[in-house]
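Spelled out, the chains give:
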Amino acid sequence: MKVLVIGGGAREHALCRSLSLDPDVTALHCAPGNAGIAEVAELHPVDQLDGEAVARLATELGAELVVIGPEAPLVAGVADAVRAAGIPAFGPSREAAQLEGSKAFAKDVMAGAGVPTARSYVCTTPEEIDEALDAFGAPYVVKDDGLAAGKGVVVTEDVEQARAHALACDRVVIEEFLDGPEVSLFAITDGVTVLPLRPAQDFKRALDGDEGPNTGGMGAYSPLPWADPKLVDEVMESVLQPTVDELRRRGTPFSGLLYAGLAITSRGVRVIEFNARFGDPETQVVLARLKTPLAGVLLNSANGTLDDQAPLSWSDEAAVTVVVASHNYPETPRTGDPIEGLAEIAEKDAPHAYVLHAGTKRDGDAIVSAGGRVLSVTATGTDLAQARERAYAAVGRIRLDGSQHRTDIARKAAEA
């Protein structure tokens, strides 16, 4: 099978790494990719938001499956264009991707499906914003209705900060605060059958102890030793299957990756948000534990034949990912700094630890930073403590001027 992956971050590197290890994949392409992905796939320039350009590239390459990584191309309808060209695409249609593209649409779907979530108001005027903030009180949860690359949500005790964020959005969802730990659960679906993956937890705040500003994610781990063993079954029954059924009932069937961001509250599981694609950095740890070859699973989703899929096989090992970010992330990050130490990790830490590239590019013989989140250092081990130790040992070999990373990823779970 010839596979084309669309995107250029660490999530796409994780997908390409897994696909490159799949014996059924005879040729692997990525557009636009990055310096790390270039080691396992052939790179091609493309405007990933241009569906016609992506479909044309897939046709030229003879791709038999196109895997769309990021949310923006999905919301732009790139999967529709690829399917219109007669090529199977892993990822939802433009209409179904509104589950991530619009928080208000997602709330409406959840209401129709009876999915437990936070009470919320959709606001478009200053008066509505003030009423909603007053109704819920602190801590305030304010979400930009549209796509914001993981940084459109503000959770704060400060009403003025909450109001300022709300006023900066065209349309905003203000909702009640959900207490309890957060969990990410991915499921692969073809619009009818739903196949859950293993849960993970990510770390959104920039600094240790969950301090600092919200980011796209600074690390993740799996499994969750503290979670109820019945959690996946419960979420399948109360969240994932009802959502897929409701979207099909509305005439907008969802195929691809359905990502449920969950809060395990004192009143039970509640959905914080849905995403329409693999999450970053959770994908890095979930795929590190998946033993089933990936390409066939994604193709079954794209072809509507997921009911033929054998049960997924998982490693008993734990996985931890630590994100190395550039100077000043998540504000305006500094780019163009050389990255050193990657060869040492490949030599001394493989196969238990490896580096997935996010914001990198090749500059002559050097690899330099080219984004906010630069690398995802991922490691596996017999338990979380060993996986953490291996991940941080590898992080310690990386030399990137001004870089930052959290030192407490998975610490509490490993010590529990």
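The structure reproduced in this document is the subject of the present report. (Residues numbered from 1 in each chain as written. Predicted model: local features only at pLDDT ≥ 70, side-chain atom pairs only at ≥ 80, totals over all residues. Heavy atoms only, no water.)

## Digging into the sheet that holds strand E5 (residues 89-90)
Stated precisely, the cut-off is as follows: Strand pairing follows a simple DSSP-based rule, namely that at least 2 bridges must link the two strands. Secondary structure elements follow DSSP: runs of H or I of four or more residues count as helices, runs of E of two or more count as strands, with numbering from the N terminus. Residue contacts are defined here by distance: any two heavy atoms, one from each residue, within 4.5 Å place the two residues in contact. An axis is simply a line fitted to the C-alpha atoms; with a helix, the fit covers only the stretch in contact. Between two such axes, the angle follows the N-to-C directions and lies from 0 to 180 degrees.
What the five strands build is an open sheet, ordered E3-E2-E1-E4-E5; its pairing is parallel. Edge strands, defined here as strands with exactly one partner in the open sheet, are strand E3 (42-43) and E5. Note: strand E1 (residues 2-7) against strand E2 (residues 27-32), six bridges, orientation parallel. Bridge pairing in E2 links lysine 2 to alanine 27. Sheet strands touched by helix H1 (residues 10-20): E1, E2 and strand E4 (65-68). Its angle to E1, the strand with the most contacts, is close to 170°. With respect to the sheet, helix H11 (residues 294-303) is in contact with E4 and E5, its orientation differing from that of E4 by roughly 90°.

## Looking at the side chain of serine 326
Locating serine 326 in the fold gives a position in the loop between strand E18 (318-325) and helix H12 (342-348). The contacts of serine 326, once residues within four sequence positions are left out, are Pro333, Arg334, Gly371, Gly372, Val374, Gly402 and Gln404.

## Observations regarding a negative patch on the surface
In plain terms, the rule: Like charges within 9 Å and nonpolar side chains (Val, Leu, Ile, Met, Phe, Trp, Tyr) within 5 Å are joined into patches, using only residues over 30% in relative accessible area that form no salt bridge. Calculation of accessible area relied on Shrake-Rupley with a 1.4 Å probe; when residues are assessed, cover is drawn exclusively from the protein chains displayed. Salt bridges are defined as contacts in which a side-chain nitrogen from Lys or Arg sits within 4 Å of a carboxyl oxygen from Asp or Glu. In this charge count, Lys and Arg are treated as positive and Asp and Glu as negative; neither His nor the chain ends contribute. Charge positions come from single atoms, namely NZ of Lys, CZ of Arg, CG of Asp or CD of Glu. The buried label goes to any residue with under 20% of its type's maximum accessible area, the exposed label to any with over 50%, and the partly exposed label to all in between, with areas taken from a 1.4 Å probe on protein chains only.
Together, Glu127, Glu128, Glu131 and Asp134 make up a region of like negative charge exposed at the surface. Residue position: glutamate 127 is located in helix H7 (residues 126-136). Judged by relative accessible area, which is 51%, glutamate 127 ranks as exposed.

## Topic: the pattern of salt bridges
What the rule picks out here adds up to 24 salt bridges. Between arginine 277 and glutamate 100 there is a salt bridge, with the nearest N and O atoms lying 2.7 Å from each other. Of this pair, arginine 277 sits in the loop between strand E17 (268-275) and helix H10 (282-289) while glutamate 100 sits in helix H5 (residues 98-101), and the two are 177 residues apart along the sequence. Judged by relative accessible area, which is 10%, arginine 277 ranks as buried. Of the charged contacts, one joins arginine 163 and glutamate 160 as a salt bridge, the two residues approaching to 2.8 Å between their closest N and O atoms. Residue arginine 163 and its partner glutamate 160 are located together in helix H8 (residues 159-167), separated by three residues, close to a single helical turn. When salt bridges that share partners are traced, they join Asp108, Glu246, Arg249 and Arg250 into one network.

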